[in-house]
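Structural description and commentary
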Amino acid sequence: MGKTARAPFLAFALLSWAASLSAGVVITVTSTADTAANDGVCTLSEAITSANTNAASGGAAGECVAGAVSLDAIQFDITGGCAVPCTITPGTALPSITAPVIVDGYSQPGASANTLAVGNDAVLKIELNGTTAGGVGLTLAAGSGGSTIRGLVVNRFATAILVQSAGNLLAGNFIGIDPTGTIARGNTSHAIEITSTSNTIGGTTPAARNVISGSDLQQARAGIHLTGSGATANTIHGNYIGTNAAGAAAIIASASRRVKRIDTSNLSKLNSVPWCVVVSVRIGLGHC
Ligand SMILES: [Ca+2]
């Protein structure tokens, strides 16, 4: 096949691929509650289960619809809107994500992604508060590879996001800080922990930037922790780590503790860390 013939073929293949990815179901979270009941609302916990199992959360109108075999989307349209950010405070750990899904906090009305090349004007409307659940906020477990988590505030867990499957994207999130991006709401262990391959944290656009901050991190903790022999070929790009959302000042709970932004002992496992802004109590504001 010559170049002239190949180009339309590739375009068609890409369109077909995109169509196959978009053929899943949109499951819309309508409540900040943490219930799993046939009560006419769709909670985040129920939505994850519906995406995992491809079953509706109940027969009542307003329950989470069944997911599909293909890539589903969990979106948010929480009743009454979020004049202030809607906070979901799980009483126990949320179900692990075991099927590919796009969890999109920017779908909540009023939310918007960052547009600034320097700084961050993202408006985040969905907050996951781990005060009572502890443990891990969101787990991308076996079977979930190819998922996206974007537009969420995840704070006050032990670990905000645990990535165990391959090829996921974490973008446009605030981890360990409040929705304004100015107040520490730290996770007590590694904010993001990755045990798998080919994941992307951040990206090349302003909208992809994560802010990962706010932890009172002990010496063995990190903002992004890459661990185990399987944590290879991950990309960390364009995030603000250890700063406020503006990237202008440190957001740490205690300056007396050593802060590790990325577990540097595992940097050799990355294939790309083009740049990020970090704040260290030792080295000050800088880039990596
Ligand atoms: Ca329900």
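Residues numbered from 1 in each chain as written. Predicted model: local features only at pLDDT ≥ 70, side-chain atom pairs only at ≥ 80, totals over all residues.

A look at the overall build of the protein
For the protein, the helix and strand inventory stands at two helices and 20 strands. Restricting the contact set of the protein to residue pairs at least 6 apart, pairs at least 24 apart contribute 67%. (Helix = DSSP H or I, 4+ residues; strand = E, 2+ residues; numbered from the N terminus. Contact = placed C-beta atoms within 7 Å.)

Examining the confidence of the model for the protein
The predicted coordinates should not be examined in detail at positions where pLDDT is low. For the protein, the average pLDDT comes to 81, and 77% of its residues sit at 70 or higher. Of the regions scoring below 50 in pLDDT, residues 7-22 engages in three contacts with residues more than four places distant in sequence or in other chains. In this model, residues 263-288 is a region of pLDDT below 50 whose contacts with residues beyond four sequence positions or in other chains number 49 contacts. (pLDDT = per-residue confidence, 0-100.)

A word on the nonpolar core
Core analysis: the biggest nonpolar cluster contains 64 residues, and Ala47, Val101, Val154, Ile161, Ile175, Ile192 and Ile224 have the highest contact counts within it. The residues that make up this core include at least three from each of domain 1 (24-80) and domain 2 (81-287). With sequence-adjacent residues up to four places away left out, Val154 is seen in contact with Leu128, Gly137, Leu138, Ala160, Ile161, Asn173 and Ile175. (Core = buried A, V, L, I, M, F, W, Y, C linked by C-beta atoms within 7 Å. Buried ≥ 20, exposed ≤ 12 C-beta atoms within 10 Å, placed from the backbone. Domains from an automatic or database assignment.)

Looking at the pairing of strand β5 (residues 126-129)
In the sheet, strand β3 (residues 86-88) pairs with β5 via three bridges, with the strands oriented parallel. Residue Cys86 lies in a different strand from β5, and its bridge partner there is Ile126. Bridge analysis of β5 against strand β8 (residues 153-155) gives three bridges, and the strand direction is parallel. Residue pairing across strands places Leu128 opposite Val154, the latter belonging to β8. (Pairing = 2+ DSSP bridges.)

Description of unusual backbone geometry
Positive phi, close to 55 degrees, is recorded for Asn54, a residue that is not glycine. The residue Ala233 is not glycine, and still its phi comes out positive at about 55 degrees. Examined against the element boundaries, Ala233 turns out to sit in the loop between β15 (224-226) and β16 (234-237). The class of Ala233 is partly exposed, set by 14 C-beta atoms lying within 10 Å.

Looking at the environment of Ser213
Among the secondary structure elements, Ser213 is positioned in the loop between β14 (211-212) and β15. Using a count of 36 C-beta atoms within 10 Å as the deciding quantity, one classes Ser213 as buried. When the C-alpha positions of Ser213 and Ile183 are compared, they lie 9.3 Å apart, and in sequence the two are 30 residues distant. Beyond its immediate sequence surroundings of up to four residues, Ser213 is in contact with Gly176, Ile177, Ile241, Gly242, Thr243, Asn244 and Ile251.

Observations regarding the sheet that holds β15
Read from one edge to the other, the open sheet built from four strands follows the order β6-β9-β12-β15, with strand pairing classed as parallel. Of all strands in the sheet, those with a lone pairing partner are β6 (136-140) and β15, marking the two edges. On average, each strand axis in the sheet is inclined to that of its neighbour by 15 degrees, with strand direction left out of account. With three bridges connecting them, strand β9 (residues 159-163) and strand β12 (residues 192-194) associate as parallel partners. Along β12, the bridge assignment pairs Ile161 with Ile192. (Axes fitted to C-alpha atoms, helices over the stretch in contact; angles between N-to-C directions.)

What about the environment of Ala141?
Mapped onto the fold, Ala141 is located in the loop between β6 and β7 (148-150). In the structure, Ala141 is positioned 55 residues away from Ser196 in sequence and 10.0 Å away in space, judged by C-alpha atoms. Excluding residues that lie within four positions of it along the chain, Ala141 makes contacts with Ser96, Ile97, Thr98, Gln164 and Ser165.

Some remarks on helix α2 (residues 44-53)
Across the ten residues of α2, eight count as buried, placing the element largely inside the fold. Those residues of α2 not exposed but buried are Leu44, Ser45, Glu46, Ala47, Ile48, Thr49, Ser50 and Ala51. Lining the buried residues of α2 we find β1 (26-29), β2 (72-76), β3 and β4 (101-104). Positive phi shows up at Asn54, right after α2, with a value of about 55 degrees.

Observations regarding the pairing of β2
What you see with β2 is a clean split: Asp72, Ile74 and Phe76 sit on the buried side and Ala73 and Gln75 on the side with no burial. Bridge count between β1 and β2: four bridges; the pairing is parallel. Opposite Thr28, over in β2, you have Gln75 as the bridge partner. For the segment spanning β1, α2 and β2, crossover handedness is right-handed. Relative to β4, β2 runs parallel, the two sharing three bridges. Pairing of Ile74 across the sheet is with Val103, part of β4. (Right-handed = clockwise from strand over helix to strand, strands pointing away.)

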